[in-house]
Amino acid sequence: MKAIYTRPKSLKPVSNHYCPGCGHSIIHRLVCELVDEMDMRGRIICIPPAGCAVLAYNYFDFDVCESAHGRGCAVATGFKRAQPDRIIFTYQGDGDMAAIGTAETLHAANRGEKITSIFVNNAVYGMTGGQMAPTTMIGQKTTTSPYGRRTEVEGYPLKITELIATLPGAAYVTRTSLATPAKIRETKKAIKKAFEVQMAGTGYSLVEVLSPCPTNWKVSPREAFVYLEETMEKEYPIGVMKDNTTKKDK
Amino acid sequence: MKGTDALGEAAIRAGCTCYFGYPITPQNEVPEYMSRRMEEVGGVFLQGESEIASINMVLGAAASGKRAMTSSSSPGISLKQEGLSFMAALELPAVIVNINRGGPGLGNIAPSQGDYYQATRGGGHGDYRMPVYAPASVQELYDITMKSFDVADLYRTPVMILGDGMMGQIVEPISLNERPEVEIPPKDYILDGAQDRPSRIVKSLILDPAEMEEHNWKLKRKYDLMAHELPQWEEFMTDDAKLTIIAYGTAARIAKGAVKRARSEGLKVGLLRPITLWPFPEEAIRSLAKKTKLFLVFEMSTGQMLDDVRLAIEGRVPCEFYGRPGGVVPIPQEIARIIERYWLQKEL
């Protein structure tokens, strides 16, 4: 019988620690499928975040280097400058990417570092127990915004992906969502393109993935996916924000 | 050659191929030198967006197997502490230069030794140590910079060179000594892609306390080994000295001048100059405690190394202190006067 669906070789055969309905395991799988399909295992290095995905090295069967909270893009810069022929990607959450690591992220993008960031936006700090994130929605209740995020107190959801799209060093910037199987397939395509852009040496590539966190949103997985599509995607519209690989005269 | 240039050149000749830094006075000549020289030798120079970014770039380059370096001055070194703690935990080699300035806070840009505690106690969070070298001449700065890269690789540890604006700015004739031949163990921990080998992980997160404890003890055994193998110091006229000054770096240069003055007046005074601040040359100081009558610690701070000296001599001999913090650099005559005062007071 022909196998039509198998575990990617670069995804370790272990069960993961993620909560039911969490998006990380989906994104991990997409990354590992691409590592296999694009034959990258022997030249790829991942920099996971401090956050739920810090344990990514338990699942990725390729080289992984931990970084301090928010410093992913600086560590990745060190790797890429030292080994320009390797494929370097950071895997970061919203707090890592857009709060504590804003400077590292923006400047790596602005330098046009030939690295890729996979930015998982679930609008909360997951690992620490559901505190407010820079990307928390207006009105969203978290453990540190128990009355709902109020713009006059906590400011607005930070759209770092839109910010990065304005930088000349960024070559490919897009936002995708895990809300439906079709959108998950789009996410895989986006990550693939981001790696291709890195290999072409065009500049920084970033894929923001809107991802559900049922545990900290305090809803069922099913409700989380509905919220993702009906609410989060309104605040964070999906689609390509920048692609300097497409010729304008086409 | 100027101190900062000697430092940069020694790093290049030691095989340092990656430098990351951020401007801060008084060490800007180091990144300036490296920006010029790295281009010539085909290495990497990158000015980071902060000291935090720079040390993390060093981390990435070190985990890539390259000899990497960063330099900064006191406030910037505070920002690097997070990265230093991580590098100590991850056992990644690198050389970190601190051109110590007056503090705390923004302080000033004059030579100071106020960062001794921070440098010798690890500095960042967690249970770790890091070798710290305090050169006192441009030649020594050159030689120690070269050596630091070997020490970093041999023990898989960040190594700090602690100087000050004086060490950076003085110009002295030096000999550009060849890189010593040191056998460096193969770097089997580096991440360069899992090609024809199992994947590797560089991490410091150890959630299980028993496992973390084991890691702490493993690091401790390494620190014990360094404490045994690395202490380095210079003794000047200590054989018959009744009063022994202990000073390092710039302060030791000043103290040496004072010792010469005192000797010309017939006072039996000597100097012990720690070259490694951690590991501290406590054995050397302990054996001097058997013959000297008084120790005088001189620092350009309110007294930090003083604690280590007192721990080393275990109360066997009295130990006095003279300090000039805040960026004040005294002249040898001032120290000579202090020596004379104690000589008379203690009836040596």
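None of these values were measured; they are calculated from a predicted model. (Residues numbered from 1 in each chain as written. Chains lettered and ligands numbered in written order. Predicted model: local features only at pLDDT ≥ 70, side-chain atom pairs only at ≥ 80, totals over all residues.)

(A) Region of the structure containing the interface of chain A and chain B. Taken residue by residue, the interface counts 29 residues in chain A and 33 residues in chain B. Of all elements in the fold, only β1 (44-47), β2 (63-65), α2 (72-82) and α4 (102-110) of chain A reach the threshold of two or more residues within the side of chain A that touches chain B. With 8 residues, the single largest contributor to the side of chain A that touches chain B is α2 of chain A. Here the residues of the side of chain A that touches chain B are counted per class, giving 14 nonpolar, 6 polar and 9 charged. Pairing of β2 of chain A with strand β7 (residues 201-202) of chain B involves 2 bridges; the strand directions are parallel. Bridge assignment links C65 of chain A to a residue of β7 of chain B, and that residue is V202 of chain B. (Contact = placed C-beta atoms within 7 Å. Helix = DSSP H or I, 4+ residues; strand = E, 2+ residues; numbered from the N terminus. Nonpolar A, V, L, I, M, F, W, Y, C, P; charged D, E, K, R; others polar. Pairing = 2+ DSSP bridges.)

(B) Summary view of the pairing of strand β9 (residues 243-246) of chain B. Residues and elements named next belong to chain B. Covered by surrounding structure in β9 are L243 and I245 together with T244 and I246, the residues of both alternating faces. With 4 bridges connecting them, β9 and strand β12 (residues 294-299) associate as parallel partners. Note on β12: the bridge partner recorded for T244 is F295. For β9 and strand β10 (residues 269-274), the ladder comprises 4 bridges, and the chain directions are parallel. The partner of I245 across the bridge, within β10, is L271. A crossover links β9 with its parallel partner β10, the connecting element being helix α9 (residues 249-264), and its sense is right-handed. (Buried ≥ 20, exposed ≤ 12 C-beta atoms within 10 Å, placed from the backbone. Right-handed = clockwise from strand over helix to strand, strands pointing away.)

(C) Up close: unusual backbone geometry. Here the residue pair T25 of chain B and P26 of chain B is connected by a cis peptide bond, since its omega of 5 degrees sits within 30 degrees of zero. With respect to the element layout, P26 of chain B can be found in the loop between β1 (16-21) and α2 (29-41). Between W278 of chain B and P279 of chain B the backbone carries a cis peptide bond, its omega angle lying at -5 degrees. With respect to the helices and strands, the residue P279 of chain B is situated in the loop between β11 (276-278) and α10 (282-288). A positive phi is found at D39 of chain A, a non-glycine position, where the angle reads about 50 degrees. Mapped onto the elements of the fold, D39 of chain A is located in the loop between α1 (24-37) and β1. The phi angle at M237 of chain B is positive, at roughly 55 degrees, despite the residue not being glycine. Of note, M237 of chain B is situated in the loop between β8 (233-236) and β9. Residue classification places M237 of chain B among the partly exposed residues on the basis of 16 C-beta atoms within 10 Å.

(D) How the structure looks around the environment of K114 of chain A. Residue and element names in this part refer to chain A. Examined against the element boundaries, K114 turns out to sit in the loop between α4 and β4 (116-121). Separated by 80 residues in the primary sequence, K114 and L34 have C-alpha atoms spaced 18 Å apart. With residues near it in sequence (within four places) discarded, K114 still touches K80, Q198, G201 and G203.

(E) The arrangement of the domain arrangement of chain B in detail. Residues and elements named next belong to chain B. What the domain assignment reports for chain B is domain 1 (3-229) and domain 2 (234-345). Spacing between the C-alpha centres of domain 1 and domain 2 amounts to 28 Å. Listing elements by their share of the side of domain 1 that touches domain 2, those giving two or more residues are α5 (116-120), β5 (132-133), β6 (158-164), α7 (165-169) and α8 (209-229). When grouped by side-chain class, the residues that make up the side of domain 1 that touches domain 2 number 16 nonpolar, 7 polar and 2 charged. (Domains from an automatic or database assignment.)

(F) Structural detail: the confidence of the model for chain B. Here chain B shows a mean pLDDT of 97. Residues at 70 or above account for 100%. Here the prediction assigns the complex a pTM of 0.97, and the interface score ipTM is 0.96. (pLDDT = per-residue confidence, 0-100.)

(G) Seen up close, helix α7 (residues 181-200) of chain A. All names here are of chain A. For α7, built from 20 residues, the straight-helix expectation of 28 Å at 1.5 Å per residue is met to within 8% by its first-to-last C-alpha distance of 29 Å. Taken as a whole, α7 has its buried residues at T187, A190, I191, A194, F195, V197 and Q198. Along the axis of α7, the buried residues cluster in a sector spanning 155 degrees; they form a single face. Turned more than 90 degrees away from the buried face of α7, the exposed residues are P181, A182 and R185. Against α1, β3 (87-93), β4, β7 (170-177) and β8 (204-210) lie the buried residues of α7. A positive backbone phi angle near 75 degrees is found at G201, which sits one or two residues after α7. (Expected span 1.5 Å × (residues − 1). Arc of directions from axis to C-beta.)

(H) Local environment of the pairing of β4 of chain A. Residue and element names in this part refer to chain A. The buried fraction of β4 is high, at 6 of 6 residues. Taken together, the 5 bridges between β3 and β4 define a ladder with parallel strand orientation. Across the sheet, residue Y91 finds its bridge partner in β4, namely I118. Note: β4 against β8, 6 bridges, orientation parallel. Within β8, the residue paired with T116 across the bridge is S205.

(I) Spatial organisation of the sheet that holds β7 of chain A. One open sheet accounts for 8 strands, arranged β9(A)-β7(A)-β8(A)-β4(A)-β3(A)-β1(A)-β2(A)-β7(B); its pairing is mixed. Edge strands, defined here as strands with exactly one partner in the open sheet, are β9 (239-243) of chain A together with β7 of chain B. Together, β3, β4, β7 and β8 of chain A form the strand contacts of α7 of chain A, whose direction differs from that of β7 of chain A by roughly 165 degrees. (Axes fitted to C-alpha atoms, helices over the stretch in contact; angles between N-to-C directions.)

(J) Fine view of the packing of α2 of chain A against α4 of chain A. All names here are of chain A. Running from N to C, α2 and α4 point in directions that differ by 40 degrees, and their axes come no closer than 7 Å. The angle between α2 and α4 falls in the class oblique. The segment α2 lies against α4, with G72, C73, A74, A76 and T77 engaging E104, T105 and A108. Tallied by class, residues from the contact of α2 with α4 come to 4 nonpolar, 3 polar and 1 charged. (Parallel < 35°, antiparallel > 145°, perpendicular 65-115°, else oblique.)

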